[in-house]
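Residue-level structural notes
Okay, here's what each chain looks like letter by letter:
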Amino acid sequence: MPDLHQLSPQTVLSKYYGYEQFRGKQQDIIDHVIAGKHALIVMPTGAGKSLCYQIPSLCREGVGIIISPLIALMQNQVDALQQLGIKAIAINSHQTMEQQQSAQCRLEAGEFDLVYVSPERLLMDDFLERLDRVSIALFAIDEAHCMSQWGHDFRPDYARLSILAKRFPSIPRLALTATADALTRQDIQNQLGLHADSQFIAGFDRPNIHYSITQGENPKQQLLHFIKKNHQQDCGIVYCLSRKNVEETADWLTDQGFVALPYHAGLSAAIRQKHQQRFLKEDNVMIVATIAFGMGIDKPNVRFVAHLNIPKNIEAYYQETGRAGRDGQTAQAWMVYRLADVARQRDFIESSTAPEQQKRIWHQKLNALLGLAEAPSCRRQILLRYFGDNCRPCGNCDNCLSPPKKFDATIDVQKALSCIYRTKQFFGVAHIITVLCGKSNAKVREHGHDKLSTFGIGEHISQKAWRVIFRQIAALGLIHVDVQHYNRLRITDKGFEFLRQKQTIELTEYRTLKDTPDRKKPKQQAHEAASESDQTLFEALRAKRLEIAQAQEVPPYIIFHDSVLWGLVREKPTSLKAMRHVSGIGDVKLKRYGLPFLEVIESAD
Ligand code: ADP
Ligand code: ZN
């Protein structure tokens, strides 16, 4: 192999990665770092941050030292680099002493292009002394938001990385993260001694993700409908709020013929590990999980993230849905939620021991998420604005594809509020709706609610549609769900003001499942309209990939991404030379895997 340090970034990109063009700011960043400068890089998941330190590590003299918080993530990256023919290794505490020693000696002997270490390892005196003796291309700090106490995942070890600036002042320092607000960014810059002109910030948008949020009526049935319609063969993550829900949903999906594995903190570490590995290493596996699952999952072909309950705030929603579509192919973020979920989130907040001030912030953050969930306009715009970013109406969310109809809900809301008032603000939503719809049952009769003037005044609307109205007026703050007292509905000051001042109000209409678009229509990707024979070829290539991956005990995507398989389907190369033109196939992968895949394509004719 030629000396890498002679190669240009463009050549490395093509030769090793098999890509022909840099994306977004990659080229600028790579040139900047190769010139010996520092950089803070904020880019959304899947934008291609890794290349920003990998390629300069290859093009500059010396080894790139990559600091990464999770051992599993490190190993994944190292596996992927080794597949490309790049000399990389991880040094961490999961290895035996001998392995660690040998790796460190080889590091000193200059054998590697990239070395991945945890912050604890890097900060060991012994390790730092070794580094004094080797030629270093750069330091890259992945998940750099962990350095700041303003970030969402502060780690004390990360904060100590500030010594890099003092100890190795002339070596380029790169900080990379997908989520850092202005305060966090400033903090990282201060700690690493970076200048303001070394910031590279890409937008937060994940254009390939389709967002949709709907009323939860029968969440499990809705989920089934969604998966059957869009993701029969795909990997996905289903988030639930409770362990019990996780277990039930996983069992239920299994009964429906899917491979669905539960994951939550109540399962043993061994089981969790096993399920996570199956998710990573097999195709078609769904994980049903509480939020305990996800940190450090960089599986690129997660095709959907479904929420059966509302999460706690927009940051969490963005982070969880962001696990979909890292490979840039179409993916879906799909959520159903109910008023009861909101009550549950409020209850979590209220029952915590945090100071009042903190609780107020949490409530506000939940409100912002409700604003997103109830919005009649483009979801992406609201999401991006929350992070200080912007876009046009996106054409790839439920509201853009099928704008919800609005209606004058003034009288209905007056009826709803007065029914809550007449029943003495003592009952939950189900009972109030029963009274509004004029349905008599034992509870209604026991309290004499069938004699009230509000009994039956809402008969013109279905019970489901009433739920949608109640959810919206709760999100708007006209009513309050009292989670401390059996989810009773109370009218807020804002609600009384609405009545007193005879305000008018517009709400969005109740939509049935059939009305809501399920996926991206206008900008469909080529393979979504694949012919039957192409689909068959894809499956055959996928089976070959799985076979190769299992033999090497690595996840299939480390061999080839789905996008590469689709590239092969599209081009149907008949020679290795032609195969080299498919994006994502560099020299080494061509040599290793070209023939077996060529055979699959040939035998498909
Ligand atoms: P991040 O770390 O920002 O989440 P990655 O570095 O993992 O993103 O890159 C996401 C995916 O995009 C990877 O599969 C990577 O191979 C691919 N990718 C990165 N840069 C390019 C490029 N210039 N052309 C094509 N694919 C790219
Ligand atoms: Zn939109």
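A brief report on the enclosed structure follows. (Residues numbered from 1 in each chain as written. Chains lettered and ligands numbered in written order. Predicted model: local features only at pLDDT ≥ 70, side-chain atom pairs only at ≥ 80, totals over all residues. Heavy atoms only, no water.)

A short note on the coordination of the zinc ion (ligand 2)
- Distances from the zinc ion (ligand 2) to its protein donors, namely C378 (SG), C394 (SG), C397 (SG) and C400 (SG), fall within the range 2.3 to 2.4 Å.
- The coordination sphere of the zinc ion (ligand 2) comprises four donor atoms, whose angles at the metal cover 102 to 119°; the geometry is tetrahedral.
- Mapped onto the sequence, the residues coordinating the zinc ion (ligand 2) show the spacing C-x15-C-x2-C-x2-C. A residue pair is termed long-range when its members are at least 10 positions apart, and C378 in the loop between α16 (356-374) and α17 (379-386) and C394 in the loop between α17 and α18 (398-401) qualify at 16 residues.
- According to the relative accessible area criterion, C378 is buried, its value standing at 4%. (Donors = N, O, S within 2.8 Å, 3.2 Å for Na, K, Ca; no water. Tetrahedral: all angles 85-135°; square planar, octahedral: opposite > 155°, others 65-115°. Helix = DSSP H or I, 4+ residues; strand = E, 2+ residues; numbered from the N terminus. Buried < 20%, exposed > 50% of the residue type's maximum accessible area, 1.4 Å probe, protein only.)

Quick look at the sheet that holds strand β6 (residues 173-177)
- Pairing in this open sheet of seven strands is parallel, and the strands run β3-β4-β2-β5-β6-β1-β7 from one edge to the other. Among the strands making up the open sheet, the edge pair consists of β3 (88-91) and β7 (199-201). Sheet twist, expressed as the average angle between the axes of neighbouring strands with direction ignored, equals 20°. (Pairing = 2+ DSSP bridges. Axes fitted to C-alpha atoms, helices over the stretch in contact; angles between N-to-C directions.)

Focus: helix α1 (residues 9-17)
- Among the residues of α1, P9, V12, L13, S14, Y16 and Y17 are the ones counted as buried.
- Where α1 is buried, its residues touch α2 (26-34), α3 (49-59) and α4 (71-83).
- Just downstream of α1, G18 is the residue with a positive phi angle, here 75°. (Contact = heavy atoms within 4.5 Å.)

Points about the pairing of strand β13 (residues 331-337)
- Extensive coverage of β13 is indicated by the burial of seven of its seven residues.
- Here strand β8 (residues 209-215) runs beside β13; their pairing, made up of seven bridges, is parallel. Across the sheet, Y211 pairs through a bridge with A333, a residue of β13.
- One ladder, built from four bridges, connects strand β12 (residues 302-307) with β13; its direction is parallel. Bridge assignment links V305 to a residue of β13, and that residue is A333.
- Regarding the hand of the β-α-β motif, the stretch spanning β12, helix α14 (residues 314-321) and β13 is right-handed. (Right-handed = clockwise from strand over helix to strand, strands pointing away.)

Digging into the packing of aromatic side chains
- The full count for this structure, using the stated rule, is 14 aromatic pairs.
- Taken together, a centroid distance of 5.7 Å and an interplanar angle of 85° make the contact between F226 and F304 edge-to-face. Taken together, the residues span a long stretch of sequence, with F226 in helix α11 (residues 219-230) and F304 in strand β12 at a distance of 78 residues. Pair check on accessibility: F226 and F304 agree, each one buried.
- Measuring from centroid to centroid gives 6.1 Å for F560 and Y593, while their planes differ by 80°, and the two rings are edge-to-face. (Phe/Tyr/Trp six-rings, centres within 6.5 Å; stacked < 30°, edge-to-face > 60°.)

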